[in-house]
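Examination of the molecular architecture
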Amino acid sequence: MTSTQSSLSSRPATRPVNPCFSSGPCAKRPGWSVAALSNALMGRSHRSAEGRARLGDVIERSCAILGVPEGWRVGIVPASDTGAVEMALWSLLGPRPVDVLAFESFSTLWAQDIVSQLKLDNARVLKAEYGQLPDLSAVNWAHDVVLAWNGTTSGVCLPNAQAIPAKHDGLVICDATSAAFAMDLPWDRLDVVTWSWQKALGGEAAHGMLALSPRAVARLEQFEAPRPLPKIFRLTKKGALIEGIFKGDTINTPSMLCVEDALDSLKWAQSVGGLAGLKARSQANLAAVAAWEAKTEWASFLAEKPEERSSTAICLRIVAPWFLALEPAAQTKVVKQMTALLDKEGVAFDIASYRDAPPGLRIWGGATVEASDVQALLPWLDWAFAQVTPHA
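Residues numbered from 1 in each chain as written. Predicted model: local features only at pLDDT ≥ 70, side-chain atom pairs only at ≥ 80, totals over all residues. Heavy atoms only, no water.

Taken as a whole and judged by the stated rule, the model has zero disulfides. No disulfide involves Cys-20; its sulfur sits 10 Å from that of Cys-26, the nearest cysteine. (Disulfide = S-S within 2.5 Å.)

And the structure:
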């Protein structure tokens, strides 16, 4: 064993204060405790005046922080971001050909749903491997376009809005669940934006957010989807938008405990400087990992281009020659051994790469994670890797 290997075998002296680095549900905001939920509207109807007011407050605070333009409709919908995306796909797609960008697990799922479930024969899937984006110059913006702004399972994000024309004939449907509250979204170039409470602000699961531009609303009111829609997908009635959905009248019953938690996280977001403050916190987490990665021989970013690296879903691949020589199943076993060690030590929970992604590590770097905790985690990654490295 070399002196370097010997030093890496020693447990680091510092541990993260909060070892929660899961990519969803994500870490709660700093200082969170159950006391934040003490005023939750428990045992009351969400349709009561106060219930509607709190749901409306979630919508209003979200719009203010994200900079949602005047005239957009924003509503709380069932089934987290998945529900919000599926509502948009099933309700809006059909009048035009569709281009869908597939470059990680969830964007690939949207492509599969469009082709196999909606059975749109005028759909075109633009694919890329994990760590890359599809060729954005190949997109036909006269088509409807479905994309994820940030690849939650690949750590690749769109670098900017320049690829999307300011004027485009189709609708741009954007899954922004791991980008909202951490990255700039070009609202003037998007038509549908979705996210959930459980990602960048560390909220609880099962509630999604759906934002519709005036162009998307016009499509909904002018186009009748040629397919049955279950109740939880229906956004119109008799050819008109159901406006109540976007004023706090949810389609199904929300958890008022989760609503209180969402309000707590939004108030915290405002207290740290709104979107600018949230972005800065997330970028600091990416910077910490980037500085470590630059001097680390065994790990590298999965995202190949620095300008496309996500500051929230920070995905790492293992590049040690002995690891790369293993079969995929054996690589997965090594990663499980590493993450089990980190879990046992109480320094990092749930940081294995997503099940469909190449075997590696995924560290959530959203704003609710402290940069000091990321910095404390990184030597532990070296330690865990040293434990699983075979020695002659």
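From this point on, the discussion continues.
So, on to unusual backbone geometry. The residue after Gly-24, namely Pro-25, is reached through a cis peptide bond having omega -10°. Structurally, Pro-25 is set in the loop between α1 (3–8) and α2 (49–66). Within the chain, Ser-80 stands out as a residue other than glycine whose phi angle is a positive 60°. Of note, Ser-80 is situated in helix α3 (residues 80–92). In this structure, Lys-238 takes a positive phi of about 55° despite not being glycine. Position of Lys-238 among the secondary structure elements: in the loop between β8 (236–237) and β9 (240–241). (Helix = DSSP H or I, 4+ residues; strand = E, 2+ residues; numbered from the N terminus.)

As a further point, take the pattern of salt bridges. All told, the structure shown has 17 salt bridges when counted by the stated rule. For Glu-345, the salt bridge identified is with Arg-15, shortest N-O distance 3.1 Å. Placement of Glu-345 in helix α9 (residues 328–345) and of Arg-15 in the loop between α1 and α2 is noted, with a sequence separation of 330 residues between them. By relative accessible area, which is 17% here, Glu-345 ends up buried. Judged by relative accessible area, which is 39%, Arg-15 ranks as partly exposed. With its nearest N and O atoms 2.6 Å apart, the salt bridge here joins Lys-28 to Asp-261. You can see Lys-28 sitting in the loop between α1 and α2 and its partner Asp-261 sitting in helix α6 (residues 256–271), a full 233 residues away along the chain. Here Lys-28 matches Asp-261 in class, with each residue buried. A single network of salt bridges, built from pairs that share partners, joins Arg-44, Glu-50, Arg-54 and Glu-260. (Salt bridge = Lys/Arg side-chain N within 4 Å of Asp/Glu carboxyl O. Buried < 20%, exposed > 50% of the residue type's maximum accessible area, 1.4 Å probe, protein only.)

Next up on the list: the environment of Glu-293. Here Glu-293 is to be found in helix α7 (residues 274–294). A relative accessible area of 15% places Glu-293 in the buried class. Residues Glu-293 and Leu-158 lie 135 residues apart in sequence; the distance between their C-alpha atoms is 21 Å.

Before going further, it helps to spend a moment on the environment of Asp-175. Relative to the elements of secondary structure, Asp-175 occurs in strand β5 (residues 172–175). Between the alpha carbons of Asp-175 and Ser-48 there is a distance of 31 Å; along the sequence they are 127 residues apart. If we ignore the near neighbours within four places in the chain, the residues touching Asp-175 are Asp-81, Val-85, Trp-110, Leu-147, Ala-148, Trp-149, Asn-150 and Thr-194. Only 3.1 Å separates the side chain of Asp-175 from the side chain of Trp-110, close enough to count as a polar contact. There is a polar contact of 3.1 Å between the side chain of Asp-175 and the backbone nitrogen of Thr-177. (Contact = heavy atoms within 4.5 Å. Polar contact = N/O pair within 3.5 Å; in protein donor to acceptor, adjacent residues only side chain to side chain.)

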